[in-house]
Amino acid sequence: MPKKLKGRKGLLVVISGPSGVGKSTVVRKLLSIDLKLKMSISATTRPPRPNEKHGIDYFFITEEEFFDRDKKHLFLEWAKVHGYYYGTPKDFVEEQISKNQTVISEVDVQGAASIKESVTSGKIKCATVFIFLIPPSVDILAFRLRRRKTESEELVNYRLRAAIAELQVMEKYDYIVVNDKVDSAAEKIKAIINVEKERVLLN
Ligand code: 5GP
């Protein structure tokens with residue numbers, strides 16, 4: 001028997017992985033199969049792609065606004081990714097965690113490292129789990145980046161080189177999930193979350 005059952009607490013689920021691995025598609029699927037999960041919507045200085053909506057995919061803001069928010073310590077973490085700034089709003093995550101919710105945060109590898117650092121230093125005081133999504137192969141990653149057709153060939157090659165470098169950090173994560181098929185990757189993450197929620201209960 002555990003020494004103490006402290007009651008249910010919030011859980012921060014950090015999902016990261018190389019650019020183009022399909023993080024946002026898998027996360028979208030995950031949110032559709034587990035309606036209780038709360039998605040953290042990031043702020044970014046990147047212009048919206050066709051079909052992306054403010055407040056749903058991202059909060060699309062100017063660089064000036066971004067740095068103003070950073071100065072006011074409104075980000076849990078932020079990073080420059082492929083020339084644009086991305087940040088996780090702190091208030092939303094803290095509020096949901098305090099309500100014992102499970103929050104999904106999809107960030108690049110720098111963002112995940114920064115959250116890990118905040119957990120280690122005690123700046124973030126909640127249960128966390130770090131999940132790294134990998135492609136079945138580098139060839140498949142290249143194919144997926146090109147299929148998006150949202151970036152030039154030069155940018156695709158740049159993102160591919162960055163992605164290969166990003167794969168080197170995967171051993172720092174709690175779980176590695178292969179994104180072979182979107183549905184099965186989302187199911188695997190859901191199973192991880194369910195197990196981790198039980199672990200939180202016993203802490
Ligand atoms: P995209 O522009 O393709 O939507 O995202 C580019 C990269 O930024 C992806 O790797 C995505 O996971 C990452 N990203 C999205 N939101 C955040 C955030 O709030 N913080 C950090 N560090 N990375 C983010």
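Criteria and thresholds
- Residues numbered from 1 in each chain as written.
- Predicted model: local features only at pLDDT ≥ 70, side-chain atom pairs only at ≥ 80, totals over all residues.
- Heavy atoms only, no water.
- Helix = DSSP H or I, 4+ residues; strand = E, 2+ residues; numbered from the N terminus.
- Rg over C-alpha atoms; globule rule 2.2 N^0.38 Å.
- Buried < 20%, exposed > 50% of the residue type's maximum accessible area, 1.4 Å probe, protein only.
- Contact = heavy atoms within 4.5 Å.
- Areas by Shrake-Rupley, 256 points an atom, 1.4 Å probe, with all protein chains shown as cover.
- Pairing = 2+ DSSP bridges.
- Core = buried A, V, L, I, M, F, W, Y, C linked by side-chain atoms within 4.5 Å.
- Salt bridge = Lys/Arg side-chain N within 4 Å of Asp/Glu carboxyl O.
- Axes fitted to C-alpha atoms, helices over the stretch in contact; angles between N-to-C directions.
- Left-handed = near helix turned anticlockwise from the far one by under 90°.
- Nonpolar A, V, L, I, M, F, W, Y, C, P; charged D, E, K, R; others polar.
- 1 Å grid on protein atoms, 1.4 Å probe; cavity = no way out; pocket = protein on both sides within 12 Å on 5 of 7 lines; lining within 4 Å.
- Points joined across faces, edges and corners; volume = space filled by probe spheres on them.

Visitor: Could you clarify how one ought to interpret the overall build of the protein chain in this entry?
Guide: Helices and strands together make up the secondary structure of the protein chain, namely seven helices and nine strands. Scaling as 2.2 N^0.38, a compact globule of 203 residues should have a C-alpha radius of gyration of about 17 Å, and the protein chain matches this with 17 Å. In the protein chain, which comprises 203 residues, the proportion classed as buried is 43%. The long-range share in the protein chain, meaning contacts at least 24 apart out of those at least 6 apart in sequence, stands at 68%. Accessible surface computed for the protein chain: about 11,400 Å², of which carbon and sulfur atoms make up 54%.

Visitor: Would you mind showing me how to read the pairing of strand S1 (residues 11–16) here?
Guide: As a general feature of sheets, a regular strand has side chains that alternate between the two faces. Burial analysis of S1 places six of its six residues in the buried class, the great majority of the element. Neither face of S1 is open: one carries Leu11, Val13 and Ile15, the other Leu12, Val14 and Ser16, and all of them are buried. For S1 and strand S7 (residues 102–106), the ladder comprises five bridges, and the chain directions are parallel. Residue pairing across strands places isoleucine 15 opposite glutamate 106, the latter belonging to S7. Two strands pair when backbone bridges link them, and S1 and strand S8 (residues 127–134) are joined in this way by six bridges, in the parallel orientation. By the bridge assignment for S8, valine 13 is matched with valine 129.

Visitor: Please clarify how the nonpolar core should be interpreted in this entry.
Guide: Side chains that are nonpolar tend, in soluble globular proteins, to be buried together. Grouped together as the largest cluster of nonpolar side chains are 24 residues, with contacts concentrated most on Val13, Leu30, Ile104, Ile189 and Ile193. Among the secondary structure elements, those contributing two or more residues to this core are S1, helix H1 (23–33), S8, helix H5 (138–147), helix H6 (153–166) and helix H7 (182–202). Here this core gets five residues from one element, more than from any other, and that element is H7. Excluding residues within four positions of it along the chain, isoleucine 189 makes contact with Ile15, Val26, Leu30, Ile131, Leu133 and Val177. One finds Val93, Val109, Ala112 and Phe132 within the second-largest nonpolar core, a separate group that totals 17 residues.

Visitor: Please clarify how the pattern of salt bridges should be interpreted in this entry.
Guide: Two side chains with opposite charge may pair up if their charged atoms get near one another. Throughout the structure, instances matching the rule amount to nine salt bridges. Of the charged contacts in the structure, one is a salt bridge between lysine 99 and glutamate 95, with a shortest N-O distance of 3.0 Å. The salt bridge partner of lysine 188 is aspartate 180, with a shortest N-O separation of 3.8 Å. When its relative accessible area of 32% is taken as the criterion, lysine 188 is described as partly exposed.

Visitor: Before we go on, may I ask you to explain the packing of H5 against H6 in this structure?
Guide: Running from amino to carboxyl end, H5 crosses H6 at an angle of 145 degrees, the nearest separation of the two axes being 10 Å. Remark: the crossing between H5 and H6 carries right-handed chirality. Taking contact as the criterion, the partners of Val138, Leu141, Ala142, Leu145 and Arg146 in H5 are, on H6, Glu153, Val156, Asn157, Arg159, Leu160, Ala163 and Ile164. Tallied by class, the residues present in the contact of H5 with H6 amount to eight nonpolar, one polar and three charged.

Visitor: How do you make sense of the layout of surface pockets when you look at a structure like this?
Guide: Sizing a probe to match a water molecule and rolling it over the atoms shows the empty space that remains. The space that makes up the largest pocket amounts to roughly 1,200 Å³. Looking at the largest pocket, it is lined by 45 residues, and the ones nearest its centre are Ser24, Thr25, Arg49, Tyr58 and Glu106. Counting residues per element, the ones that place at least two in the lining of the largest pocket are H1, strand S5 (75–81), strand S6 (84–89), H5 and H6. Taken together, the residues that form the lining of the largest pocket break down as 15 nonpolar, 14 polar and 16 charged. By volume, the second largest pocket amounts to about 320 Å³. Together, 17 residues line the second largest pocket, and Phe75, Leu76, Lys90, Lys123 and Ile124 are the ones closest to its centre. Of all elements in the fold, only S5, helix H3 (90–98) and helix H4 (109–120) reach the threshold of two or more residues within the lining of the second largest pocket. Of the residues assigned to the lining of the second largest pocket, the class counts are eight nonpolar, three polar and six charged.

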